[in-house]
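Observations on the three-dimensional arrangement
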Amino acid sequence: MGLSDSQKKIASNIAWALGGKIVNMASALFIGILVARYLGPNNYGIMNYVISYVSIFSIIASFGLDDIEIRELSKHNENRNIILGSCFFIRIVFATIAYIGIIVSLLFYQTDRLTFSMILVYGLTLFSGTGNIFRNYFTSIVQNRYIVKSEIMRTALGGLIKILLLWLKAPLEYFIYSQILDSIIVGSGYYLSYKSICGTVKNWSIDKKLILFIIKESYPLVISGAAVIIYQRIDQVMIGNMLNKTEVGYFATAAKFVDLIVFLPTVLVQTVTPVLIRTKENNPEAYEAQKRRFVSITTWTAMIMSLTVSQLAYWLIMYTYGKEYAPAIPILHIMAFKAVGMALSSSGGQIIIMEGIQKWVFIRNILGCFICILLNYILIPLYGSIGSAIVTLITVLFTGCLANIFIPCYHGIMKTQLYALFMGWKELGYFQKILLKTKA
């Protein structure tokens, strides 16, 4: 028996997404290693400190729109020009507010002149990041190949620029400038792909009622997203302030490998979500079964990859970044399992949005934010960056799953997550069947 049209679309989309991610992340890792070895732990730490600082404000710029855009475009694709136009307007407004927030925060926060100027410069990515609206459109129509082509173009051009900077022995500032250029390149690629299949953005329009509706829908996700960004990025800021920028470099090095193993669960979540939305609309019984399978496969994919990276931590660090970054090894042993918490969080988060109960999601993420900050203040002075790695693992597992116990309407999701965590390995056979059918 062959694959259904829906399964073929999922398999094709996953193949495109995985292929693109593997190429992009392998290239980015290779270039990133060269840059890290050239800059050294201290300057590499400063660069990641700057990125983390700006990232805290990025949730204001994106205003939690990504998932709402995908949901609305999946359900009402015929109204894409109004949806895209209204969302783009919201993104520009809130990117401006976020940048003003960065300026104001720097006036009250004392830092060295270089870090101050680099934060202001890198903050411009808040505006170039509005190009993600095109990415969300392609995700909503299950067409990852357009996303992949744009991101490969960004990786190739961005990589060439960084290699040129290494050859010229450029100072730290120029590598931060190159990060901004990366954002512009990928946004331009998304736009050109959209223009080739949908036409000009001049057809976009703004609907005031839709803007108010989207803001209302996104508002709980903004509060929630702010807490998520804080507990995902505040660790590097706190390490930089409580220890030093060199320790940030070690922590960021371990985090790069964690990003490598988070990508597969993230791709699965983004790819399957539009199909699940349509299944929920047309066949509620099938949706319940697919929902459990979706969370299980996502979680155990992350579990397998986390175990592998944790066991290989010594060789991964020593044979890539070098002996200078050896203190990152014990951090990676622990941090690798962050991927499991992220898988539970992202899959559960998509279910929350699909079922329209996102107005309570901020509770668990705010709790997680407080736990993260409090435990970092306790454990960083005691155990340094390793203490922060422990806090990261506790925080993502709490916010991604355990915090649902405090919200009655999320109890069913928590039950699904706990099944996925302890029994979900059984569902991996379904994923294998799809792959075998695809080959046939």
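Cut-offs and rules
Every chain's residues receive numbers from 1 upward, in the order its sequence appears when written. Where totals are concerned, whole chains, interfaces and linings use all residues; where local detail is concerned, this predicted model gives features only for residues with pLDDT of at least 70, and gives and counts side-chain atom pairs only at 80 or more. The basis for every side-chain value is the complete set of non-hydrogen atoms in the structure, without hydrogens or water. For helices the rule is a DSSP run of H or I covering at least 4 residues; for strands it is a run of E covering at least 2, with both sets numbered from the N terminus onward. Each residue gets one of three labels from its accessible area relative to the maximum for its type: buried under 20%, exposed over 50%, partly exposed in between, using a 1.4 Å probe on protein chains only. The contact rule is simple, with two residues in contact once any of their heavy atoms fall within 4.5 Å. Here, Shrake-Rupley sampling with a 1.4 Å probe gives the accessible areas, and only protein chains in the shown set may cover a residue. A pair is scored as a salt bridge if a Lys or Arg side-chain nitrogen falls within 4 Å of a carboxyl oxygen belonging to Asp or Glu. Note on ring pairs: Phe, Tyr and Trp rings are taken, using the six-membered ring of Trp, and paired if centres are within 6.5 Å. Classes follow the plane angle, with under 30 degrees stacked, over 60 edge-to-face and the rest tilted. Here, a charge over a ring means that NZ of Lys or CZ of Arg falls within 6 Å of the ring centre while also lying within 35 degrees of the ring normal. Expected span of a helix, by definition, is 1.5 Å for each gap between consecutive residues, and there is one gap fewer than residues. An arc is given here, and it is the one of the directions from the helix axis to the C-beta atoms. Here an axis means a line fitted to C-alpha atoms, over the contact stretch when the element is a helix, while the angle between two N-to-C directions is reported on a 0 to 180 degree scale. Roughly parallel means an angle under 35 degrees; roughly antiparallel means over 145; roughly perpendicular covers 65 to 115; every other angle is labelled oblique. Three classes are used: nonpolar for Ala, Val, Leu, Ile, Met, Phe, Trp, Tyr, Cys and Pro, charged for Asp, Glu, Lys and Arg, and polar for all others, with Gly counted as polar. Each patch groups residues whose relative accessible area exceeds 30% and which form no salt bridge, using 9 Å between like charges and 5 Å between nonpolar side chains of Val, Leu, Ile, Met, Phe, Trp and Tyr. By definition, pLDDT measures how confident the predictor is in each residue, and it falls between 0 and 100.

Our focus in this paragraph is the overall build of the protein. Along the backbone of the protein there are 18 helices and zero strands. Counting only residues that meet the buried cut, the protein has 53% of its 440 residues in that class. For the protein, restricting intrachain contacts to residue pairs at least 6 apart in sequence, the fraction spanning at least 24 positions comes to 84%. Counting every atom, the protein has about 19,500 Å² of accessible surface; 66% of that belongs to carbon and sulfur.

With that out of the way, let us pick up the pattern of salt bridges. Think of it this way: side chains of opposite charge can pair up when their charged atoms draw near. Applying the stated criterion across every chain, the model contains one salt bridge. The partner of D182 in a salt bridge is K162, and the shortest N-O contact between them spans 2.7 Å. Separated by 20 residues along the polypeptide, D182 in helix α8 (residues 172–198) and K162 in helix α7 (residues 144–167) bring together distant segments of the chain. Side by side, D182 and K162 carry an identical accessibility label, which is buried.

Here the focus is the side chain of T392. Looking at the element boundaries, T392 is found in helix α16 (residues 385–400). Apart from residues no more than four positions distant in its own chain, T392 is found in contact with D235, F251, M335 and K338.

Another aspect to go through is the environment of I229. Within the secondary structure, I229 sits in helix α9 (residues 208–242). Residue classification places I229 among the buried residues on the basis of a relative accessible area of 17%. As for I229 and S58, which are separated by 171 residues in sequence, their C-alpha atoms are 8.1 Å apart. Excluding residues that lie within four positions of it along the chain, I229 makes contacts with S55, I56, S58, I59 and I234.

Its identity is not glycine, yet K169 carries a phi of approximately 55°, on the positive side. Here K169 is to be found in the loop between α7 and α8.

All chains considered together, the criterion is met by 16 aromatic pairs. Considering the side-chain rings of F134 and Y191, the 5.7 Å spacing of their centres and the 65° angle between planes classify their relative orientation as edge-to-face. With a gap of 57 residues between them, F134 in helix α6 (residues 132–140) and Y191 in helix α8 connect regions that are remote in the sequence. Cluster of aromatic residues (ring-pair linked, three or more members): Y44, Y250, F257, Y321 and Y325. A cation over an aromatic ring shows up here: K245 above the ring of Y49, its NZ or CZ 4.6 Å from the ring centre.

A few words now on helix α14 (residues 338–354). The terminal C-alpha atoms of α14 lie 24 Å apart, and with 17 residues this matches the ideal 24 Å at 1.5 Å per residue to within 8%. Burial runs high along α14: 15 of the 17 residues are buried. Among the residues trailing α14, G356 stands out with phi positive, at a value near 70°.

We now examine helix α17 (residues 411–423). Between its first and last C-alpha, α17 extends 18 Å over 13 residues, near the 18 Å set by a 1.5 Å rise per residue. Every buried residue of α17 is accounted for by I413, M414, T416, Q417 and A420. Viewed end-on, α17 has its buried residues packed into an arc of 160°, placing them on one side of the element. Within α17, the exposed residues directed more than 90 degrees away from the buried face are K415 and F422.

For the rest of this paragraph, the subject is the environment of L344. Residue position: L344 is located in helix α14. L344 sits 74 residues away from L418 along the chain, and the two C-alpha atoms are 9.2 Å apart. Dropping the residues within four chain positions of it, L344 is found in contact with T299, L397, G400, C401, Q417 and L421.

Another aspect to go through is the packing of helix α2 (residues 65–75) against helix α3 (residues 80–108). Here α2 crosses α3 at 170°, and the two axes come no closer than 10 Å. With respect to α3, the axis of α2 lies roughly antiparallel. Here L65, D66, E69, E72 and L73 of α2 lie close against α3, whose contacting residues are R80, I83, L84, C87, I90 and R91. By residue class, the composition of the contact of α2 with α3 is six nonpolar, no polar and five charged.

Moving on, we come to a nonpolar patch on the surface. On the surface, a nonpolar cluster with roughly 640 Å² of combined accessible area is contributed by L374, I378, L382, Y383, I386, I390 and I394. The element that contributes the greatest number of residues to the nonpolar patch is helix α15 (residues 361–383), accounting for four residues. On the basis of relative accessible area, I390 is assigned to the partly exposed category, the value being 31%.

Let's shift gears to the confidence of the model for the protein. On average, residues of the protein carry a pLDDT of 79, and 84% of them reach 70 or more. Ranking the helices and strands of the protein by mean pLDDT puts helix α13 (residues 328–335) first, with 91, and helix α18 (residues 428–439) last, with 51. Of the regions scoring below 50 in pLDDT, residues 434–440 engages in six contacts with residues more than four places distant in sequence or in other chains.

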